[in-house]
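So you can see what is in the structure, the chains are spelled out below.
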Amino acid sequence: MHRTAQRGLAIASTIALLIAAAGCSGDDGGSSSGGASVPGVTDTEIVVGTHMPLTGPASAGYSKIAPATKAYFDYVNANGGVHGRKITYKIMDDGYNPANTQQVVRQLVLQDKVFAVLNGLGTPTHTGVLDFLKTNRVPDLFVASGSRSWDQPDKYPGTFGFNPDYTVEGKILANYVKANHAGQKVCFLGQDDDFGRDSLVGVEKVLGAGGVAVKQTYVTSNTNVAPQIGAFKAAGCQVVVLATVPGFTALSVGTAARLGFKPQWLVSNVGGDHPTLAKQLGEAAPLLEGMVGANYLPMQNDTANPWIQLFTKINKEHNGDAPFDGNTVYGMSVGYLFVQVLLAAGKDLTREKVLTAVQKGGFQGPGLAPLRFSDKDHSGYGGQRLTRVSGGAQTYFGPTYETDEEDGPVTEFSTAPVAPPANGVPTVS
Amino acid sequence: MSATRAAVPPKQRSAGVGDRPVDGRRGSTLLRHLAVALAVGLALVAVSYAVEPFRNFQLATVAAYLCATAGLTVLTGLNGQLSLGHGALMAVGAYTVALCQTAFLDRGMTGGWLLAVSLVAAIVSTVAVGAVVGVAAARLRGPYLAGVTLAVAVVVPALAVTFDGVFNGEQGLSVPVEPPPMALGAYFPYERWQLWLSGAATLLALVLLANLIRSRYGRTFRAVRDDEVAARLAGIHVARTQVLAFVVSAATAGLGGALLAVLAQSVSPGAFSLTLSLFLLMAVVIGGLGRLAGALWGAVLLVALPDLTHSVTELFTLSPAVAQRLEGNLPLAIFGITLIVVMIAAPGGVQGVLSRLGRALLARWPARRS
């Protein structure tokens, strides 16, 4: 009898606990919805959420993006918000682990009832939640990755990218190799997922199928790239294209130096931010000299740029004056675009109106390259400009290029970027 | 002296923690467990309607973890074998389900019953892996056993990265799952369906485990744990018993992993890292080693802790940098501290404390009534 009683007691207390928990959360839901039917939207507030690697192998640099976006929202809120609503940005750490992303995104959507997921970061992580967001009809805006997966309007009508597609980027980097390093041995190191694969597709579209001599991949759970770099050295690579996250760019450059291997590095935008890399490498930062990268947002050290002046000011006022780098610029640019979209969606905010507003396109912000959103195109920026590290500073050189992810040519894009509005908050166009 | 000796019910009750009074009602054990399972099942259905979708999802995750922790309790608590590799066994189940479901989809096969087939396939493949590891484990003791299972925990996720043609590396595979049957209505919440699925599978596994524990096999498990020499003298084949315990616990771990994969609709090596294996072991120790109810507390803890730490970090207005550091590392720290506190204050774990409380209450109750 004791046994049954004990078990009964255990079961009863579990159920009591669960119902208590349910009761608590039920109250939360009731008070925050305020009678509005659109999740995450009240008369005074818009709740959006994101998943970011605040810890783990990819957190270097990336962990600064979401706080920067939040700082921009805080700035907008301090200036009256959007249509009288303040933006609340919920940032969830997923450690760049797809399993965690599943958990935290469900928490955002089902528990916190966010209006949209904004700028969720990572190719492997975000791929896992595409279907979940689609079935729950949650706008999945401006994913922080250049995988072509986001650009599938038929399959994922609510998902939009932000970064240029990695294939577009691969083509632009390879175009530079073709023009400046013709005849040299080109090698490629990519992350072992769609990030690396899409990028390699772009590189090979320009250089030809046999254009890349040695192809290597890495996984973020193994922080030893000596075998890959060793293979490059053994093959006598002269140019190495890296589709790597910042931690692994630093690791590759450092490992190569240790092996006495000095190729010309070409680095993907997501892993090529100089301040982030220099911080990672510490005293070995001079190894980055001559590194070629690509970018499409104002350079963080270009103090004459009005966008950088604006973002620096916001960073001082609302981000605790955190070290200012490319990730800060990126995060705030995302915030600016989102506010533009909210304004375009109008005062009666619904999820459908936001999606319609994004597809209508015509957004201009800090970016050098065009944003090409339409009902047929859900990719983000459509081009990049090349950068080079010289004298310990990363600067732009040459024209901005644009291209598509197919076999189209790499062409120059000459439209000059616009200046920011006087108070730093976009207005309804 | 023969092996059947172990099947004879003990005339006198031993004072061992795991031993249960038999009360001469052996025939009703299965029925009793089924009745309890039915009651819990009905309560779950009631709860699934009462709580919101995210809680349903969390409960479904608890159920999935419970499968694994219950199996680990049988292995470690009842049979005395330590396993640091149960996370890897969960991964085997999870990947099997992913591959099966994808294969079904590719062949254009649809239907709710296919998921059952995939789950059974997951159990079968984990049993196979568990048997291999179990045979090795039966020859090893203490730290050597821990070492081998640790190696399993490290190797299995690495395999997914090595054979990325099949397992798609760290990005992992997606697990296509059918929506809830139309009979339940077009707007039946998906999370409630997930709870039903995972709850039903877990209850079934728990009933089987509970029966196994009460059977002669359960007694041989305990006999081997308490004294291998004595068990051998009593005619028990020690190695065979240990392999059996390992296989049973591997099967439940496989089912748990498969359920997790179905819940998340994706599987990746990151979900089944070494940390998970360690967490599982810590969870069953904190919950209360050697009792299935303890496994429940462990599973609840596994789900509740990260959520709790997030809420805690949100309470304080910390600088972004500090909050970031805390959020990733706080669950680990809290888990460790809880483990130490439990080991010192309540060696029987949460369930030990609860049953002591329950016993004290019951002891007073009849006295008052008479």
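What counts, and at which threshold
- Residues numbered from 1 in each chain as written.
- Chains lettered and ligands numbered in written order.
- Predicted model: local features only at pLDDT ≥ 70, side-chain atom pairs only at ≥ 80, totals over all residues.
- Heavy atoms only, no water.
- Axes fitted to C-alpha atoms, helices over the stretch in contact; angles between N-to-C directions.
- Helix = DSSP H or I, 4+ residues; strand = E, 2+ residues; numbered from the N terminus.
- Parallel < 35°, antiparallel > 145°, perpendicular 65-115°, else oblique.
- Left-handed = near helix turned anticlockwise from the far one by under 90°.
- Contact = heavy atoms within 4.5 Å.
- Nonpolar A, V, L, I, M, F, W, Y, C, P; charged D, E, K, R; others polar.
- Domains from an automatic or database assignment.
- Buried area = accessible area lost by both parts, 1.4 Å probe.
- Polar contact = N/O pair within 3.5 Å; in protein donor to acceptor, adjacent residues only side chain to side chain.
- Disulfide = S-S within 2.5 Å.
- Buried < 20%, exposed > 50% of the residue type's maximum accessible area, 1.4 Å probe, protein only.
- Pairing = 2+ DSSP bridges.

1. Some thoughts on the packing of helix α8 (residues 216–226) of chain B against helix α10 (residues 238–264) of chain B
A packed helix pair is summarised by two numbers, namely the angle formed by the two axes and the spacing between the axes. Residues and elements named next belong to chain B. Taken N-terminus to C-terminus, the directions of α8 and α10 make an angle of 115°; their axes are 10 Å apart at the nearest point. With respect to their mutual orientation, α8 and α10 come out roughly perpendicular. Where α8 crosses over α10, the handedness of that crossing is left-handed. Note on element contacts: α10 touches α8 through V238, T241, Q242, L244 and A245, opposite Y217, T220, F221 and V224. Partitioning the contact of α8 with α10 into residue classes produces six nonpolar, three polar and no charged.

2. As for the domain arrangement of chain B
Residues and elements named next belong to chain B. If you check the domain split of chain B, you get domain 1 (23–272) and domain 2 (281–370). Here the C-alpha centre of domain 2 lies 22 Å away from the C-alpha centre of domain 1. On the domain 2 side, the residues contacting the 22 residues of domain 1 number 14 residues. Together, the buried faces of domain 1 and domain 2 total about 1,300 Å²; carbon and sulfur atoms form 83% of this surface. A per-residue breakdown of the area domain 1 buries against domain 2 is headed by V62, T69 and T73, which together make up 34% of the total. Here domain 1 is connected to domain 2 by one residue pair in polar contact (both at pLDDT 80 or more). Looking at the side of domain 1 that touches domain 2, the elements that each hand over two or more residues are α2 (53–78) and α7 (190–214). For the side of domain 1 that touches domain 2, the element with the highest residue contribution is α2, accounting for 15 residues. Taken together, the residues of the side of domain 1 that touches domain 2 sort by class into 14 nonpolar, seven polar and one charged.

3. Some thoughts on the side chain of E402(A)
Residues and elements named next belong to chain A. Here E402 shows up in strand β12 (residues 393–402). Within the local environment of E402, its side chain forms a polar contact with the side chain of R372, the two groups lying 3.3 Å apart. When near neighbours in sequence (up to four residues on either side) are disregarded, E402 contacts P370, R372, G382, G383, P409, V410, T411 and F413.

4. Describing the state of the cysteines
This structure, assessed with the given rule, holds one disulfide over all chains. Across the disulfide, C187(A) is cross-linked to C237(A) (sulfur-sulfur distance 1.9 Å). Judged by the sign of its S-S torsion, about -80°, the cystine formed by C187(A) and C237(A) is left-handed. Note that C187(A) is positioned in strand β6 (residues 186–191) and C237(A) in the loop between α9 (226–235) and β8 (239–243), a separation of 50 residues in sequence. The residues C187(A) and C237(A) share a single accessibility class, namely buried. No disulfide involves C67(B); its nearest neighbouring cysteine sulfur is the one of C100(B), lying 17 Å away. Owing to a relative accessible area of 2%, C67(B) belongs among the buried residues under this scheme. A relative accessible area of 18% places C100(B) in the buried class.

5. A word on the sheet that holds strand β1 (residues 45–52) of chain A
All names here are of chain A. Read across the sheet, five strands follow the order β2-β1-β3-β4-β5 without closing on themselves; strand pairing throughout is parallel. Each end of this open sheet is capped by a strand with a single partner; those strands are β2 (86–93) and β5 (159–161). Put simply, the sheet's adjacent strands are angled 20° from each other on average, direction ignored. Bridging between β1 and β2 involves eight bridges; their strand directions are parallel. Looking across to β2, one finds that H51 is bridged to M92. Across the sheet, helix α3 (residues 65–78) is in contact with β1, β2 and β3 (116–118); its angle to β2 comes to roughly 165°.

6. A short note on the environment of T223(A)
Residues and elements named next belong to chain A. By secondary structure assignment, the location of T223 is in the loop between β7 (212–218) and α9. When the C-alpha positions of T223 and S252 are compared, they lie 9.9 Å apart, and in sequence the two are 29 residues distant. Ignoring any residue separated from it by four or fewer positions in sequence, one finds T223 in contact with F248 and L251.

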